[in-house]
Amino acid sequence: MGGTHKKKLRAEKAKVKLKGAKLPKGLNVTKTEFKVRKITIREQLKESQFVDGLKQVNLKECLSKLKHHSSNFRSEALKNLRDAIAISHPGIMGSLSELIQGISAVCLDQDRDARRESCKTFAALLAFLPIDAVAPFFHIISSYLRCAMTHIQPNIQEDSLLLLDVLLQHIPTLVASHSAKILHNFLEMISRVRAEGDKAGRMLTVNMGQKQTTIKWRSKVLLRLQQMLETLAEYKLQQRQEAILSGVGTNEGLITHSLKTPQYYGIKRRFAANQHCDLSSIFNRSVGSSATASDDAAVDEYEQLRSYVDHLMPLLLESWLEVRPQQTANTSCSVETLLTLDASLTLKIVLEIIENLWSLIEIYEQQVNNNDLSLWFKDQYADVFAANFLQSSYPYQQFDADGDDNNHSKKKAKKSHNSLSPYCLQQNITIGFLMCRFYANALDQESSRFNAVLNYLSTIIDTSLGQKGSQDFLPSLVIALRALLLQSGQRLCHLHKESTTKLLRSCIKAFLQNRFGEITSKILIILCEIVQSHDLCKVYGAEEFEEFLKFLPNLLLRPNVNVACLLAMSKLGKQQNQAFLEALRTILPKVVEHLQNIQVTGAPNVLEGKKHVMNLFYWIHPQQSVDQIQLTQIIDTAESSITDKRISGYCKYILTIA
């Protein structure tokens, strides 16, 4: 051992020592170059290639990766599928079944990122495909959606709502047609079945997890339920309108008389004493399978709607009672009656669901010409609704921020308790509309509460219209005004003449000042329909409409006018309303001069639309009420300013024969 060591020392001493010397230039650099042989796997080359700057995707490889045990592989496969959809991959339609099956399965994935990627991929796929291509495979999507909505893991339940959002956005008609299978799962997400004696019902469940409160989770579920019911109502209304236009199953089809073709008219009256009336037995007609199926479908829809109401209304009332402010001895609007953000949102969603239920019931009763279901709904829940939603503290208000209940906020609320907060306008207006629905034929039962609604709406129209801020309450305002002033106006005038007339004056004043914004045309139609009713004009007083009637002909000088408004004006002309006719006679030359430029919305064509305008001239009797020299000038203006000879000829004809 010692000898070996000595040999190493001698070898070290024998080495040349470079004292103070440097290595030549270029030798003190570490060379990093090295050569390797490329390893190429042909299967990997098929997965992703770039041709003309676009990524080419192997669909089969992506579909196989959707079943991979690694969540990263599954997420990557979903991203690649979106790339394939973006470039309209030719193999998408051929692999559509496997594609929908694979993406739907990832919606139940344990990994949150994979589930979110599946929703994004579904959104891209549904935006790319037509509805007819998705329809044969919707049962697959629906099955996975229902599994996710009732999954044992709360996170998967929560993400199922994102998938439902995608479906409602891209294929609402398919969701509506399969809604009966999906709606039941909403109840399972927020409630459970309970049995008390012989009656079985549902009760709300507690929070699904610790990351969000029970109220927030319930609001998320109820919001999707509201969107689902709204989609269903729009779908059924569209079906109803298509049936009317085509004349299938109804006597309201449009028939155009023609001498060249035979005309067929129905001999049955579209009336039934009750929903189970069988007209076939009256006419001794044999009932085929289609008729029996139609009757069964009507009965099933009746039971289905009644089931919706039975299950939903108790849960909606309980959801509101949990967040509703407690009643105090002081009935005026105080700090205790202000709503938090969660309470305000819950109230909004609950009221919209009840409104959608009413819409579904109304559509159904128009089909069967029977109101048994609405009578049952009123009998069961009218008093409950009034007691729980239209309290003595009505109208509701809201804190500026969620949970903002410190002393500063309380002092601020006390200081401004006489001014209405803009945060709950839609909720308060919807309550008034629903009260009209529940007490359509019994307004005197809740006379004081209707008075509060009338006064509140008058205040809103006078103070909140045309101001800065959200105007989301305007559609609800249109519905409420139609129900209060038009449909129930006569009975409300007998109960609260002053409050009802005050609301009408506020509407007319706001309309003349053009403060209704986007709903101006709808308010105009409501006011015109009120003026057309002899009974309403009599009960309101003709003097209330005089300023409105004088302003009405000025709409003919605007660039656009709705055909419904022209029909209302025509009826006023037939009624020989002197205030309206005198105002029209005054601006007749300007209307004829503007006839070339005016656009009539809702008319089948330009000629028919402008005929509605020119027909108004007949009722002022120009030959008798207009100076002949001036009338000649008006006719000359029509011939020179109107380029279409059909229109100018018709205008001259109307002016000369009247």
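Residues numbered from 1 in each chain as written. Predicted model: local features only at pLDDT ≥ 70, side-chain atom pairs only at ≥ 80, totals over all residues. Heavy atoms only, no water.

Regarding the pattern of salt bridges
Right, on to step 1. Enumeration over the complete set of coordinates arrives at 19 salt bridges.
Right, on to step 2. We note a salt bridge from glutamate 352 to lysine 348, for which the minimum N-O separation is 2.9 Å. Of this pair, glutamate 352 and lysine 348 are both found in helix H15 (residues 341–368), 4 residues apart, which corresponds to roughly one turn of the helix.
Right, on to step 3. Residue glutamate 352 is classed as buried on the basis of its relative accessible area, which comes to 11%.
Right, on to step 4. Through salt bridges that share partners, Arg115, Arg116 and Asp159 make up one connected network. (Salt bridge = Lys/Arg side-chain N within 4 Å of Asp/Glu carboxyl O. Helix = DSSP H or I, 4+ residues; strand = E, 2+ residues; numbered from the N terminus. Buried < 20%, exposed > 50% of the residue type's maximum accessible area, 1.4 Å probe, protein only.)

Some thoughts on unusual backbone geometry
Right, on to step 1. We note that serine 88 has phi near 55 degrees; this positive angle belongs to a residue other than glycine.
Right, on to step 2. As for its placement among the helices and strands, serine 88 is situated in the loop between helix H4 (71–86) and helix H5 (96–106).
Right, on to step 3. By relative accessible area, serine 88 is classed as partly exposed at 43%.
Right, on to step 4. Positive phi outside glycine occurs at asparagine 369, with the angle close to 55 degrees.
Right, on to step 5. On the secondary structure map, asparagine 369 appears in the loop between H15 and helix H16 (372–389).

A closer look at the side chain of histidine 151
Right, on to step 1. For histidine 151, the position within the fold is in the loop between helix H8 (138–149) and helix H9 (154–170).
Right, on to step 2. Sequence-distant contacts of histidine 151, defined by excluding residues within four places in its chain, comprise Leu108, Ile156 and Gln157. (Contact = heavy atoms within 4.5 Å.)

Digging into the nonpolar core
Right, on to step 1. Counting 183 residues, the largest nonpolar core has Ile354, Phe389, Phe438, Leu477, Phe516 and Phe548 as the members making the most contacts within it.
Right, on to step 2. Per-element accounting of this core gives the leading share, 13 residues, to H15.
Right, on to step 3. In this view, phenylalanine 389 contacts Leu317, Trp320, Leu347, Val350, Leu351, Ile354, Tyr396 and Ile431; residues no more than four positions away in its chain are not counted. (Core = buried A, V, L, I, M, F, W, Y, C linked by side-chain atoms within 4.5 Å.)

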